[in-house]
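Fold and contact review
Read off the chains here:
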Amino acid sequence: MSATPQSQSIDSADAPLVLVRRDGAITHITLNRPRAINALNSEMFARLAAAIASAQSDGTRAVLLDGAGDRGFCGGGDIKELSRGSAGTILAEEYRLDHAISVSEAPVVGVMDGIAMGGGIGLAGHAAVRVVTERSRLAMPEARIGIVPDVGGHLLLAGAPERLGELLAVSAGDMTAGDAIALGFADVFVPTERLPELRAALAAGEEPRSAAERLAEAAPASDLLRAREWWSPIAASVFGAQEPPAAEDPAGTALRLIRALEGSDASEAACLAATVRAMSPTSVAVTLAQLDRTRRLALDLAAVLTDDLRTLGRLTARPDFAEGVRAQVIDKDRSPHWKPARIEDLDAAELAAILDPAPRPEEEPLDLGLPVLLARDA
């Protein structure tokens, strides 16, 4: 959604889904599937991975990553493809790409102008410089379709202040530009009208962070930070040291959360409780456990992505995923029938099996091209 002419889509049936071109000192990569808000599919993962790999050795000083069209940077992964294909293979491709962006020797500047959800955050949220604009709306909405935040999202959510990551994850809530910077999902606020200047500065060889900070303005205030007034006491009671860690008791933690929300006098808590009730109960419990695990074990991105592949592989095989896709993407009746239907009915043994860090014989490891140390799982 960059305003530069070079970022405009080539909107035809045979147009490449990812545009890659050299512009001075940079490689400029644009997601080019605007009618689907640049939703990511396997073809796009392959093209993006090839472009990032090429940038490591062709003299590229930086990579500019943005999206075509009027609606946003990226609406996430292509859920229909994921639901009918080999989920494990597709997710592994995506996670390898996310990691490659994070370790790219040519620093990646991710411009999250407009909508950036799910897989879009996986691309830009781990970039060297993460840019948001006045049009940015970020979200990790996976609990709506029976899975959990992936693409390394738990690493970002776990770093948010005062357990606001938990609030976002279990509500599938969205963030403004100010929220994204306050919660650690973005670095700088650059007005959309200045994006052409940013591209030109990068193409001229200016150091990416310096260029972005020079063109940035003060970020708008974060409404989510103001939620701490009513959320922090609830979070302290649910996740306090006197309670079992969520990774050890995911069902109990989810139950404490919904009871605390429904027992609160704050009107915002009642609204959040209703929202959480609409999510997959299994998704709520698993994401609370994954956030706890990521935070307590201080997992890095490679370890979190490894967790994501194992956990998502197990969740996409459950009926909740197919039901969530039906309700949100296919029939769009927004009335999923979860199994179990209520947080009160969660099965502790099933949750333990989903969260077990030991890989199953049929589960392929995530090959990131470097050793991933998971000794802390022991």
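Residues numbered from 1 in each chain as written. Predicted model: local features only at pLDDT ≥ 70, side-chain atom pairs only at ≥ 80, totals over all residues. Heavy atoms only, no water.

A few words on the nonpolar core. Counting residues in hydrophobic clusters, the biggest one holds 98 residues, and the most contacted among them are Phe185, Trp230, Trp231 and Leu261. Top element by residues in this core is helix H3 (residues 87–103). It accounts for 7 residues. Taken domain by domain, the makeup of this core includes at least three residues from each of domain 1 (18–136 + 176–215) and domain 2 (223–355). If near-sequence neighbours (up to four positions away) are discounted, Trp231 is found in contact with Glu162, Arg163, Leu164, Glu166, Leu167, Phe239, Leu257, Leu261 and Leu272. If you look at the next biggest cluster of nonpolar residues, it comprises 17 residues, including Ile26, Leu64, Val129 and Ala212. (Core = buried A, V, L, I, M, F, W, Y, C linked by side-chain atoms within 4.5 Å. Buried < 20%, exposed > 50% of the residue type's maximum accessible area, 1.4 Å probe, protein only. Helix = DSSP H or I, 4+ residues; strand = E, 2+ residues; numbered from the N terminus. Domains from an automatic or database assignment. Contact = heavy atoms within 4.5 Å.)

The subject of this paragraph is the packing of aromatic side chains. Counted under the stated rule, the structure contains 1 aromatic pair. The interplanar angle of 80° and the centroid separation of 6.2 Å between the aromatic rings of Trp230 and Trp231 together place this pair among those described as edge-to-face. (Phe/Tyr/Trp six-rings, centres within 6.5 Å; stacked < 30°, edge-to-face > 60°.)

Bringing the packing of helix H8 (residues 195–203) against helix H9 (residues 208–215) into the picture now. Packing of H8 against H9 leaves a shortest axis separation of 10 Å and a crossing angle of 150°. With respect to H9, the axis of H8 lies roughly antiparallel. Taken as a pair, H8 and H9 cross one another with a handedness that is right-handed. Facing Glu197, Leu198, Ala201 and Leu202 of H8, the residues of H9 in contact are Pro208, Ala211, Ala212, Arg214 and Leu215. Here the residues of the contact of H8 with H9 are counted per class, giving 7 nonpolar, no polar and 2 charged. (Axes fitted to C-alpha atoms, helices over the stretch in contact; angles between N-to-C directions. Parallel < 35°, antiparallel > 145°, perpendicular 65-115°, else oblique. Left-handed = near helix turned anticlockwise from the far one by under 90°. Nonpolar A, V, L, I, M, F, W, Y, C, P; charged D, E, K, R; others polar.)

Turning to the sheet that holds strand S5 (residues 108–112), a few remarks are in order. The mixed open sheet is built from 6 strands, whose spatial order is S1-S2-S3-S5-S7-S10. The two strands at the open ends of the sheet, each matched to only one other strand, are strand S1 (18–23) and strand S10 (188–189). Across 4 bridges, the pairing between S5 and strand S7 (residues 129–132) is parallel. Directly across from Gly110, in S7, lies its bridge partner Arg130. Packed onto the sheet, H8 meets S1, strand S2 (26–31), strand S3 (62–67), S5 and S7 and runs at close to 145° relative to S2. (Pairing = 2+ DSSP bridges.)

Take Ala200: it is sitting in helix H8. Given a relative accessible area of 36%, Ala200 falls into the partly exposed group. Counting along the chain gives 31 residues from Ala200 to Ala169, while the straight-line C-alpha distance between them is 36 Å.

For the rest of this paragraph, the subject is unusual backbone geometry. As a rule of thumb, non-glycine residues mostly have phi less than zero, and peptide bonds are mostly trans rather than cis. At the junction of Lys339 and Pro340, the peptide bond is cis and its omega measures out at 0° in the coordinates. Structurally, the position occupied by Pro340 is in the loop between helix H16 (319–330) and helix H17 (348–355). Despite not being glycine, Ile37 shows a phi value in the positive range, around 50°. A positive phi angle, near 50°, is found at Glu162, a position not held by glycine. Structurally, Glu162 is set in the loop between helix H5 (153–158) and helix H6 (164–171).

Each regular strand displays side chains that alternate between the two surfaces of the sheet. By the alternation rule, side chains of S7 split into Val129 and Val131 and Arg130 and Val132, which are all buried. Summarising the sheet, S7 and S10 pair through 2 bridges and their orientation is parallel. Residue pairing for S10: Val132 is matched across the bridge by Phe189.

All right, on to the pattern of salt bridges then. The full count for this structure, using the stated rule, is 28 salt bridges. Residues Asp333 and Arg326 are paired through a salt bridge, measuring 2.6 Å at the closest nitrogen-oxygen approach. Judged by its relative accessible area of 36%, Asp333 falls in the partly exposed class. Here Arg326 falls in the buried class, since its relative accessible area comes to 19%. One continuous salt-bridge network, built from bridges that share partners, spans Arg130, Asp187, Arg209 and Glu213. (Salt bridge = Lys/Arg side-chain N within 4 Å of Asp/Glu carboxyl O.)

We now examine H16. When we look at burial in H16, the residues that qualify are Asp320, Phe321, Glu323, Gly324, Val325, Arg326, Ala327 and Gln328. On the buried face of H16, the contacting elements are helix H2 (79–84), helix H14 (281–296) and helix H15 (301–315).

The next thing to look at is the confidence of the model for the protein. Detailed reading of predicted coordinates is not advised where the pLDDT is low. On average, residues of the protein score 93 in pLDDT, and 94% of them are at 70 or above. Long-range and interchain partners of residues 1–7, a stretch whose pLDDT sits below 50, account for 31 contacts in this model, where long-range means more than four residues apart. (pLDDT = per-residue confidence, 0-100.)

The next thing to look at is the UniProt feature "domain: Enoyl-CoA hydratase/isomerase" (unreviewed entry) in the protein. Per the UniProt annotation, the sites labelled "domain: Enoyl-CoA hydratase/isomerase" (unreviewed entry) are residues 27–354. The straight-line gap between the two end C-alpha atoms of residues 27–354 is 40 Å; of that span, 52% is helix and 10% is strand. (UniProt positions renumbered as here; feature names shortened; annotations may be inferred.)

Turning next to the packing of H14 against H15. H15 packs onto H14 with a crossing angle of 165° between their chain directions and a minimal axis gap of 12 Å. Here H14 is positioned roughly antiparallel relative to H15, judged by the angle of their axes. The crossing of H14 and H15 is right-handed. Note on element contacts: H15 touches H14 through Val304, Asp307, Arg310, Thr311 and Leu315, opposite Thr282, Val286, Gln290, Arg293 and Thr294. Of the residues contributing to the contact of H14 with H15, the split by class is 3 nonpolar, 4 polar and 3 charged.

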